[in-house]
Amino acid sequence: MAIIEVEAVTYTYPGSSTPSLRDVTFSVEPGEFVALIGANGAGKSTLCYALTGFVPHFFNGEMQGQVTIAGIQTQKAALEEIVPLAGLVFQNPITQLTGKATVCEEIAFGLENLGVPPEEMEERIAHALELVGDRSWADRSPTALSGGQQQRVALACMLVMKPQVLVLDEPTSFLDPLGAHEVFTAIRQLSREGMTIIIAEHNIEWIARETDRIIALDEGKIILDGKPSEVLTSPLLEDLGSQLRYTAAARLAQARGWWPETRNLPVTLEEAEAGFRAGGFHGH
Ligand SMILES: Nc1ncnc2c1ncn2[C@@H]1O[C@H](COP(=O)(O)OP(=O)(O)OP(=O)(O)O)[C@@H](O)[C@H]1O
């Protein structure tokens, strides 16, 4: 049974005359790892908010259709009920962190609101920190950590709530390459452990390699939904060309007759290598 059901969702922010999501319908099975892609303003963040109840509860505005997470209709539930079902990690870790003196206090914050007993709290915090990297950060000040470490603490703040679904809105866009690598590694590990993950992300090569499925948005509408190899080679996304080095190389090879028209274009290095080998092209 699907863990996320989005049915005909159209959403307009207050004061806006045009919807930011238009008739969006899809479902996600437990354990799926789904990327949301699209140009700036396509609606990725808005969809992340709709999946975690911030739309409509926090932003208000006008919403038609419905989002159901683990059997709960988000429009009918309070935001506090939705957080333990679907946790949202924001672009900038500073948005998530609340200025507590230690990492431990920061991660405990959500649990305190739920009235979790202290021993269980300690255990859950240690586990959440282990999932994102390092138990030893517990007593450090969040401000003394690097951007990548802060974002992993922000991730731990969500994981400690044991959400059934994790939604990440471009979690590496404020990070340097090392920080992004650390956060991507933690996310990949969570996915391998079976967590259902939806991530809005600009790093196309990473999502091509790691995710099961890509949903592409344009002006608030879903234009493509499928496996990375299907979605990323679609003519509808030709603008992505320069970001997909292996697809671009194979397209060039195709134009020169080295890559048969009938062979799918690659999106990862491995697929490109397999395709070039199969074609008997070994370079010089
Ligand atoms: N609070 C808001 N009030 C009114 N309109 C908004 C608000 N937030 C976003 N929008 C509009 O909704 C549309 C979708 O924006 P959204 O931020 O969801 O896109 P995005 O794909 O996440 O873009 P980016 O990659 O730049 O983050 C845009 O036209 C944007 O201007």
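Note: the structure precedes this text.
Residues numbered from 1 in each chain as written. Predicted model: local features only at pLDDT ≥ 70, side-chain atom pairs only at ≥ 80, totals over all residues.

1. A word on the overall build of the protein
Moving on, step 1. Scanning the protein for helices and strands turns up 12 helices and 10 strands.
Moving on, step 2. Computed over C-alpha atoms, the radius of gyration of the protein comes to 20 Å, within 12% of the 19 Å expected from 2.2 N^0.38 for 284 residues, which places it in the range of a compact globule.
Moving on, step 3. Taken along its principal axes, the extent of the C-alpha atoms in the protein is 65 × 45 × 35 Å.
Moving on, step 4. Counting only residues that meet the buried cut, the protein has 40% of its 284 residues in that class.
Moving on, step 5. Intrachain contacts of the protein at a sequence separation of at least 6 include 63% that bridge at least 24 residues. (Helix = DSSP H or I, 4+ residues; strand = E, 2+ residues; numbered from the N terminus. Rg over C-alpha atoms; globule rule 2.2 N^0.38 Å. Buried ≥ 20, exposed ≤ 12 C-beta atoms within 10 Å, placed from the backbone. Contact = placed C-beta atoms within 7 Å.)

2. A look at the nonpolar core
Moving on, step 1. Core analysis: the biggest nonpolar cluster contains 78 residues, and Leu36, Ala50, Leu51, Ile107, Ala156, Val167 and Ile198 have the highest contact counts within it.
Moving on, step 2. At seven residues, helix H7 (residues 147-159) tops the list of elements feeding residues into this core.
Moving on, step 3. Counting contributing residues per domain, this core is built from domain 1 (4-235) and domain 2 (244-278), each supplying no fewer than three.
Moving on, step 4. In contact with Ala156, not counting residues within four places along its chain, are Ile107, Ala128, Leu129, Leu131 and Val132. (Core = buried A, V, L, I, M, F, W, Y, C linked by C-beta atoms within 7 Å. Domains from an automatic or database assignment.)

3. Re the environment of Ala272
Moving on, step 1. If you trace the backbone, Ala272 turns up in helix H12 (residues 269-278).
Moving on, step 2. Judged by the 21 C-beta atoms lying within 10 Å of it, Ala272 is buried.
Moving on, step 3. Ala272 sits 26 residues away from Tyr246 along the chain, and the two C-alpha atoms are 6.0 Å apart.

4. Concerning the packing of helix H6 (residues 118-132) against H7
Moving on, step 1. Their axes nearest at 9 Å, the elements H6 and H7 cross at an angle of 135°. Overall, the two elements H6 and H7 adopt an arrangement that is oblique. Classified by chirality, the crossing of H7 by H6 is right-handed. Contacts between H6 and H7 involve Ala128, Leu129, Leu131 and Val132 from the former and Arg152, Leu155, Ala156 and Leu159 from the latter. (Axes fitted to C-alpha atoms, helices over the stretch in contact; angles between N-to-C directions. Parallel < 35°, antiparallel > 145°, perpendicular 65-115°, else oblique. Left-handed = near helix turned anticlockwise from the far one by under 90°.)

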